[in-house]
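For reference, the chains in residue letters:
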Amino acid sequence: MFQVYDDFLEKKYFDRLVEQINSRDFPWKYCDTVSHSVDESRISTQELEEQFYFVHNIYENNKPLSPLYEYILPVYDKLDIRSLMRSRIIMYMNQGKQIIHEKHFDFHYDHNAALLYLNTNNGFTEFVDGTRCDSVENRLVIFNGRIEHTSSTCTDIKKRQVLTINYF
């Protein structure tokens, strides 16, 4: 169902990427829902309030949106991307308890989804069959982005960060 690659990027390059993302000047956008497919009638108001994250959009709608795009080109090359659909960095904040977000899929059609975990924590990605991929620094997981999956927050550090890439 998915492929996992540990130590996906060369350590020096990976560390520099994470350093840039964690700089004080790195711009983040607040998103008040994790999944657009959340059925609000199925979850409580409290649970709905917990479904948020921060995002830095790198590429979408056929254009780069961030100066980070150029720096990430070697990642795209290593994935042998023929057509990039979307690329972004997601940050989930520690909310004092682990929150497993609602199931979602990235797009309604077959495509590749790659998640590069930027830090090690007790968060994870869970797939529809119940299998989980733990957030381990510099671990890449590739799967069909049409398959339902969930994300989670972490409780052991301040934040969980993931570079997400959808492509053909």
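Summarised in this report is the structure supplied together with it. (Residues numbered from 1 in each chain as written. Predicted model: local features only at pLDDT ≥ 70, side-chain atom pairs only at ≥ 80, totals over all residues. Heavy atoms only, no water.)

1. Quick word on the environment of Arg86
- With respect to the helices and strands, the residue Arg86 is situated in strand β5 (residues 84-93).
- Residue classification places Arg86 among the buried positions, given a relative accessible area of 11%.
- A sequence separation of 19 residues divides Arg86 from Pro67, and the C-alpha atoms of the two residues are 15 Å apart. (Helix = DSSP H or I, 4+ residues; strand = E, 2+ residues; numbered from the N terminus. Buried < 20%, exposed > 50% of the residue type's maximum accessible area, 1.4 Å probe, protein only.)

2. Observations concerning the pattern of salt bridges
- With the rule as written, the count across this model stands at six salt bridges.
- Close ionic contact of Lys97 with Glu50 constitutes a salt bridge, the shortest N to O distance being 2.8 Å. Here Glu50 lies in the loop between α2 (45-49) and β3 (53-60) and Lys97 lies in the loop between β5 and β6 (112-117), a separation of 47 residues in the sequence.
- Look at Lys97 and you get partly exposed, because its relative accessible area is 41%.
- Its relative accessible area of 9% is what places Glu50 among the buried residues. (Salt bridge = Lys/Arg side-chain N within 4 Å of Asp/Glu carboxyl O.)

3. Brief notes about the state of the cysteines
- Per the stated rule, a full pass over the model turns up zero disulfides.
- Between Cys31, a free cysteine, and Cys154, which holds the nearest cysteine sulfur, the sulfur-to-sulfur gap is 18 Å.
- For Cys31, a relative accessible area of 16% corresponds to the buried category.
- Between Cys154, a free cysteine, and Cys133, which holds the nearest cysteine sulfur, the sulfur-to-sulfur gap is 15 Å. (Disulfide = S-S within 2.5 Å.)

4. Considerations on the layout of surface pockets
- Taken as a whole, the largest pocket holds about 590 Å³ of empty space.
- Lining the largest pocket are 32 residues; nearest its centre among them are Val34, Arg86, Arg88, His104 and Asp106.
- Of all the elements in the fold, those that place two or more residues in the lining of the largest pocket are β2 (29-31), β3, β5, β6, β10 (149-150) and β11 (159-167).
- The dominant element in the lining of the largest pocket, judged by the number of residues it contributes, is β11, at five residues.
- Residues of the lining of the largest pocket, tallied by class, amount to 13 nonpolar, 13 polar and six charged. (1 Å grid on protein atoms, 1.4 Å probe; cavity = no way out; pocket = protein on both sides within 12 Å on 5 of 7 lines; lining within 4 Å. Points joined across faces, edges and corners; volume = space filled by probe spheres on them. Nonpolar A, V, L, I, M, F, W, Y, C, P; charged D, E, K, R; others polar.)

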